[in-house]
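Observations on the model geometry
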Amino acid sequence: MTEGNKTLVFLLLAVILVGIAWCSKPQFRTVKVEDIIGKPLFEKFTDPLAVKRLEIVRRGATGEKEEFRLVDVNGSWRIPSHDNYPADAKDQMGLIADALIDLKVLDVAVKMTDNSNAQSAEATAIHTTYGVLDPTGENTSFNENVGVKVTIVGTNKETKIDETLVELIIGKVVEAVGSDPVASGNSVNRYVRIAGQLPVYIVNIDIDRFGTQFDRWIEKNLLDIHSIDIAEIFIDDYSLDLQATPDGNVGIAISNVADLLVAYSSSEVSDNKWTLKKCMGYRGAQREYYEKNLNNSEELNVEILDGLVNSINNLKIVNVTKKPAKLAESLRNGDSFAKIKPDGSLFKSGFYLVSVPDKNNRNGSESVKLLASRGDIQLRMKDGICYNLRFGELTGTQTMSNDEDKKEADKTNKDQEETPAMMENRYLFINADFDESIVPPADIQPLPEIPTTGEQAIIDTIKKEREAKEKSNLREQERVAKAIETGKSRVKKLSERFADWYYVISEDVYKKIHLTESSVIRLKTPPPANNNANPNLPPTTINSNVAPPELVEIDLPGVNGQFKLPIE
């Protein structure tokens, strides 16, 4: 090859490389205002049912990056960050789809030229000004000018292939000029840009719809009950702590206080809703289990009990932790606690399988029960279903959500406007049982004897009466049988629902639903001589003769070969 040909080849290669480099670099067109204003920003996003994945990334209250992802798993929405916990995303996805489908451009704040570079200092400065920095970029976690990034992946109707339908970064609020309207309901005019592109647009959008808080994406009524269906509430007031036994093993010191059974009638008004059916206590070194009677100066704290019902109607969880597969399978199958092997996750969460004596026969048989570090309550429903709520250990703190929780805290604590409010969280173990004795029994009417002698008209009348009562009794028997069948079927579904998860509730919710003898029973009138007396506390007589803690030995399973005890 001659030198001239070589030179020509080199020139051609150089041109090709330059062309490749030009084609591979990001291409940004000059925005023509007349072409974009009044038109949808995302023309491909038209069908909310096509969505397969949603991702939201934003800057948290303390500057850290918050990420939320929702995926469609075989037609069911799941939250990958929480072990694919099921999401109740219908309403939230509807709000998001409503905000983004047909999202029209009101104006163009910044027009970029064809030779603009997305990584240039000029572009970064402009995006900083309008608060549309990409929160997924490096070194942006604590930058107050990062926006909220929303990504939606869905199925293309024509190609049937998943593709990105929306990739939006939402920035600062547009300041009002003169009488120009910038708000419409909860929506305001904001600066936005499409991720990876340089132009900055103005749209009207409600940023509160794009929250990353776990609790806003799940079913609000965790127990799926209504207060009008509650028949009784059983309160097992006790607490326990791990201790070393005299022989060097590990035991649980159980501090029993009282067992209370309170009946509830939603049809009544005011104080008549609640009735104390029974209150049992423990006393003496032998831990005698005896019935405690209220005196004339004591009453039920109806405000506390009403607060429980209100909280149960909308039991709010802030997190979940998945149980080990074997434990979940046993709970799903309805195995008795005696058949369940001690599991490390139970102990870490504050729940203990303990063999305890029968309360009514201290020298008799024992049974294995699941005890919680801070006691438990049982909600007994009219249909015989019993929800057992056991309160475990604390599981750390977290920043309050940016919406309802923090707004509520700010109402009472104005000093926290600059410092994000923190809240403690606690484990909650939920399972359901069925108690046939709660189901209203069949109303069986005695059958009249049919006489063998006498007037035929009278005999015929008695026969008809007997036939009518036989049919009524049969209907009653069928009603009870159907109620039992339905209840057992319902409990099986609830076991499927609760088996996989340790739930986490805020300490504020815990205080509303964790009832004790001292919170449920109070003095009718505070002693006038003591202005500092707490009317919610019972008199000293109610807690007299409290039995000392009972030490019960337990077996602790290994957790990765070790289990560290909170004792010396």
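Here the structure is a predicted model, which is why all the values come from computation and not from measurement.

A word on the overall build of the protein chain
Scanning the protein chain from terminus to terminus reveals eleven helices and 24 strands. Each of the 568 residues in the protein chain was classed as buried or not, and the buried ones make up 44%. Within the protein chain, counting contacts between residues at least 6 apart in sequence, those at least 24 apart form 66% of the total. Put simply, the protein chain shows about 31100 Å² of open surface, and 49% of that area lies on carbon and sulfur atoms.

Description of helix α5 (residues 302-313)
For α5, which comprises twelve residues, the first-to-last C-alpha distance of 17 Å matches the rise-based estimate of 16 Å (1.5 Å per residue) to within 8%. V302, L305, L308, V309, S311 and I312 are the residues of α5 that are buried.

Things to note about the packing of aromatic side chains
Counted under the stated rule, the structure contains 13 aromatic pairs. Centroid distance Y85 to W501: 4.8 Å. Interplanar angle 75°. Geometry classified as edge-to-face. On the criterion of sequence distance, the pair formed by Y85 in strand β4 (residues 85-86) and W501 in strand β22 (residues 501-506) is long-range, its members being 416 residues apart. Residue Y85 is classed as buried on the basis of its relative accessible area of 7%. On the numbers, 6.1 Å between centres and 0° between planes, the contact of F351 with Y502 is stacked. Here F351 is found in strand β17 (residues 351-358), whereas its partner Y502 is found in strand β22, with 151 residues between them in sequence.

Section: the confidence of the model for the protein chain
On average, the protein chain scores 81 in pLDDT, and the residues at 70 or more come to 77%. The weakest mean pLDDT in the protein chain belongs to helix α8 (residues 404-412) at 45; the strongest belongs to strand β19 (residues 376-381) at 96. Below a pLDDT of 50 lies the segment residues 401-420, which in the model reaches 25 contacts outside its immediate sequence neighbourhood of four places, other chains included. Every residue in residues 533-541 is under pLDDT 50, and counting partners more than four places away or in other chains gives 22 contacts.

Details of unusual backbone geometry
Residues other than glycine predominantly adopt negative phi, and peptide bonds predominantly adopt the trans conformation. The residue N84 is not glycine, and still its phi comes out positive at about 60°. Along the chain, N84 turns up in the loop between β3 (76-79) and β4. For D102, which is not glycine, the phi torsion reads 65° and is therefore positive. Positionally, D102 belongs in the loop between α3 (90-100) and β5 (107-110). A relative accessible area of 42% means that D102 is categorised as partly exposed.

Looking at the pattern of salt bridges
Taken as a whole, this structure holds 27 salt bridges when the rule is applied. When the shortest N-O distance is used, the salt bridge between D102 and K104 registers 2.6 Å. Across the pair R332 and E496 runs a salt bridge whose closest N-O atoms are separated by 3.3 Å. Placement of R332 in helix α6 (residues 325-332) and of E496 in helix α9 (residues 456-498) is noted, with a sequence separation of 164 residues between them. The network of salt bridges with common partners includes E329, R332, E496 and D500.

Observations regarding the side chain of D259
Looking at where D259 falls in the secondary structure, it is placed in strand β12 (residues 250-264). A polar contact of 3.5 Å, which involves the side chain of D259, links it to the side chain of Y282. At 2.6 Å, the side chain of D259 forms a polar contact with the side chain of Y289.

Conventions we followed
Within each chain, residues carry numbers counting from 1 in the order of the written sequence. Per-residue local features of the predicted model are confined to residues with pLDDT of at least 70, and side-chain atom pairs are confined, for both listing and counting, to 80 or more; whole-chain, interface and lining totals are unaffected and use all residues. Water and hydrogen atoms play no part in the side-chain values, which are based on all heavy atoms of the structure. Each helix corresponds to a stretch of at least 4 residues labelled H or I by DSSP, and each strand to a stretch of at least 2 residues labelled E; elements are numbered beginning at the N terminus. Three exposure classes are used, based on accessible area relative to the maximum for each residue type with a 1.4 Å probe and protein chains only: buried under 20%, partly exposed in between, and exposed over 50%. The contact criterion used throughout is that any non-hydrogen atoms of two residues lie within 4.5 Å. Accessible surface area values rest on a Shrake-Rupley calculation with a 1.4 Å probe, where residue burial reflects the displayed protein chains alone. A helix is expected to span 1.5 Å multiplied by its residue count minus one. Aromatic pairs are defined between Phe, Tyr and Trp rings, using the six-membered ring for Trp, whenever the two ring centres lie within 6.5 Å; interplanar angles under 30 degrees are classed as stacked, those over 60 as edge-to-face, and all others as tilted. A residue's pLDDT is the predictor's confidence in that residue, given on a scale from 0 to 100. The term salt bridge refers to a pairing of a side-chain nitrogen on Lys or Arg with a carboxyl oxygen on Asp or Glu at a separation within 4 Å. Counting of polar contacts relies on pairs of N or O atoms within 3.5 Å, with two restrictions inside protein: one atom must be capable of donating a hydrogen and the other of accepting it, and residues adjacent in sequence are counted only when both atoms are side-chain atoms.

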